[in-house]
Amino acid sequence: MLRRGVTAAFAALALAPSAALAQETVKVGLILPMTGQQASTGKQIDAAVKLYQAQNGATVAGKKVEVILKDDTSVPDVTKRLAQELVVNDKVAFLAGFGITPSALATAPIATQAKVPEIVMAAGTSSITEASPYIARTSFTLAQSSVPMAQWAAKNGIKKVVTLVSDYGPGIDAEKSFSETFKADGGTIVENLRVPMRSPDFSPVLQKVADIKPDALFVFVPSGTGAQFVKQFIERGLDKSGVKLIATGDVTDDDQLNGMGDAMVGVINAHNYSANHDSAMNKAFVAAFEKANNGMRPNFMAVGGYDGMHLIYAALKKTNGVTDGDKLMAAIKGMAWESPRGPISIDPETRDIVQNIYIRKVQKVGGELYNVEFETIANVKDPVKAAKKK
Ligand code: PHB
């Protein structure tokens, strides 16, 4: 009897510390493309998440927030397997990251089944937030930037446009929302061109653009691919052909813009974030990010990661550290705060981000190329979901 009692007491003692520790740690499974074509997105978001924790501490509502980083190489089957392992083995309270749309979508059924919030920090296809009630987004949708870009073009003397997009979710959203808006505003879409998402060759489509000679070419390619597109655009002499380049800010990506060359000066584009955004908060963010990362300039992906981390912290604060998925989602809905990009919130109905969209012009500032904002469209909800509601 005595022996059994001692054994039980020993067992309880042996279990106690680890059980207590497990309770006090909230794990965040951060799945990003750290290698492969989308590696710049992974690098930017990882750096932003680390910066957020360095600035805000690793403890929230009395719990330690532990980030577990996994590289999905931007292969959706890998994303799904990693998400499953993070939920089953690591018991994460949040899944976060997702560099491309197919990765975010592949994880949606796991989020639903496990009732684990999925915080989309990068991917931009409108339909993602509809794939699970446990998804919330801190990045953007392509329609958010493509609709204002089309409105600006129609208002500024551009009559004939060719569109060129990556042939997958966000590209198709960009093409559709730009074309529909531009036509409704009286413009003509001469042709909709698409290139493969992986290892695109722009020469055949750029030849077509040179032949058609529209007033403007509207482009979306995902972050990390812009420089390659711009190089071929310039090599074919299109920058001097009278065809105006207009784009979503994914093309004039802060991660690559400075290396694209002076031919980019004057390019008009629309997006949610510029490293040049004029606010005290952004100046402090850019300075801290550059200091912590050997001078690397933060791009819109970094801001999606930084704000995603804020959303996780703020949700935990609101639930007082409770990690029940439904309670966390209730906390997330309607959350509003100031981001380095400006004021943002999570739409309580769609769990998608509401944010300002800025029209920008590429300019030299202090010898470097930046997207300089000159017009603000305030509090933009995803236009695709807004249109469905009507
Ligand atoms: C996406 O796959 O949804 C995606 C990736 C990079 C971007 C925009 C959208 O810049």
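Residues numbered from 1 in each chain as written. Predicted model: local features only at pLDDT ≥ 70, side-chain atom pairs only at ≥ 80, totals over all residues. Heavy atoms only, no water.

A. Molecular detail of the side chain of R360. Along the chain, R360 falls in strand β14 (residues 353-365). The side chain of R360 sits in the buried core without any salt bridge; E373 is the nearest counter-charge, 4.9 Å away. One polar contact links R360 to N269, side chain to side chain, over a distance of 2.6 Å. Within the structure, the side chain of R360 is placed 2.9 Å from the backbone oxygen of Y273, a separation counted as a polar contact. (Helix = DSSP H or I, 4+ residues; strand = E, 2+ residues; numbered from the N terminus. Buried < 20%, exposed > 50% of the residue type's maximum accessible area, 1.4 Å probe, protein only. Lys, Arg positive; Asp, Glu negative; His and termini not counted. Salt bridge = Lys/Arg side-chain N within 4 Å of Asp/Glu carboxyl O. Polar contact = N/O pair within 3.5 Å; in protein donor to acceptor, adjacent residues only side chain to side chain.)

B. Expanded view of the sheet that holds strand β6 (residues 135-137). Strand order in the open sheet made by the six strands is β2-β3-β1-β4-β5-β6, with mixed pairing throughout. Each edge of the sheet is formed by a strand with only one pairing partner; in this case those strands are β2 (59-60) and β6. Strand direction decides the pairing type here: β2 and strand β3 (residues 63-71), joined by two bridges, are antiparallel. What sits directly across from V60, in β3, is K63. (Pairing = 2+ DSSP bridges.)

C. Spotlight on the nonpolar core. F94, I119, F178, I246 and F285 are the most contacted members of the largest nonpolar core, which totals 72 residues. With 12 residues, helix α10 (residues 300-318) is the largest single contributor of residues to this core. Sequence-distant contacts of F94, that is, excluding residues within four places in its chain, are made with V26, K27, V28, G29, V116, P117, I119, I312, L316 and L328. If you look at the next biggest cluster of nonpolar residues, it comprises 25 residues, including L164, L245, V362 and L369. (Core = buried A, V, L, I, M, F, W, Y, C linked by side-chain atoms within 4.5 Å. Contact = heavy atoms within 4.5 Å.)

D. Local environment of the pattern of salt bridges. If you walk through the whole model with that rule in mind, you get 20 salt bridges. The shortest N-O distance in the salt bridge between K364 and D262 comes to 3.0 Å. Taken as a pair, K364 in strand β14 and D262 in the loop between β10 (244-248) and β11 (268-271) lie far apart in primary sequence, 102 residues in all. Among the residues examined, K364 registers a relative accessible area of 43% and is labelled partly exposed. Of the charged contacts in the structure, one is a salt bridge between K389 and E349, with a shortest N-O distance of 3.3 Å. Here K389, found in helix α12 (residues 383-389), pairs with E349, found in the loop between β13 (342-346) and β14; they are 40 residues apart in sequence, far enough to count as distant. One network of salt bridges, with partners in common, ties together R137, D352, D382 and K385.

E. Layout of unusual backbone geometry. Backbone geometry at N320 places phi at a positive 60°, although glycine is not the residue there. Within the secondary structure, N320 is located in the loop between α10 and α11 (325-332). Residue classification places N320 among the exposed positions, given a relative accessible area of 61%. Residue N379 is not a glycine yet carries a positive backbone phi of 50°.

F. Here's a closer look at the packing of aromatic side chains. Tallying each qualifying case throughout the model produces 11 aromatic pairs. Ring geometry for F178 versus F182: centroids 5.6 Å apart, planes at 25°, classification stacked. Placement of the pair is F178 and F182 together in helix α6 (residues 169-184), with a separation of four residues, close to one helical turn. Of the two residues, F178 and F182, both sit in the buried class. Plain terms: the ring middles of Y273 and F285 are 6.5 Å apart, the flat faces sit at 80° to each other, and that makes the pair edge-to-face. Placement of Y273 in the loop between β11 and α9 (280-292) and of F285 in helix α9 is noted, with a sequence separation of 12 residues between them. On the accessibility criterion, F285 (2% relative accessible area) is buried. (Phe/Tyr/Trp six-rings, centres within 6.5 Å; stacked < 30°, edge-to-face > 60°.)

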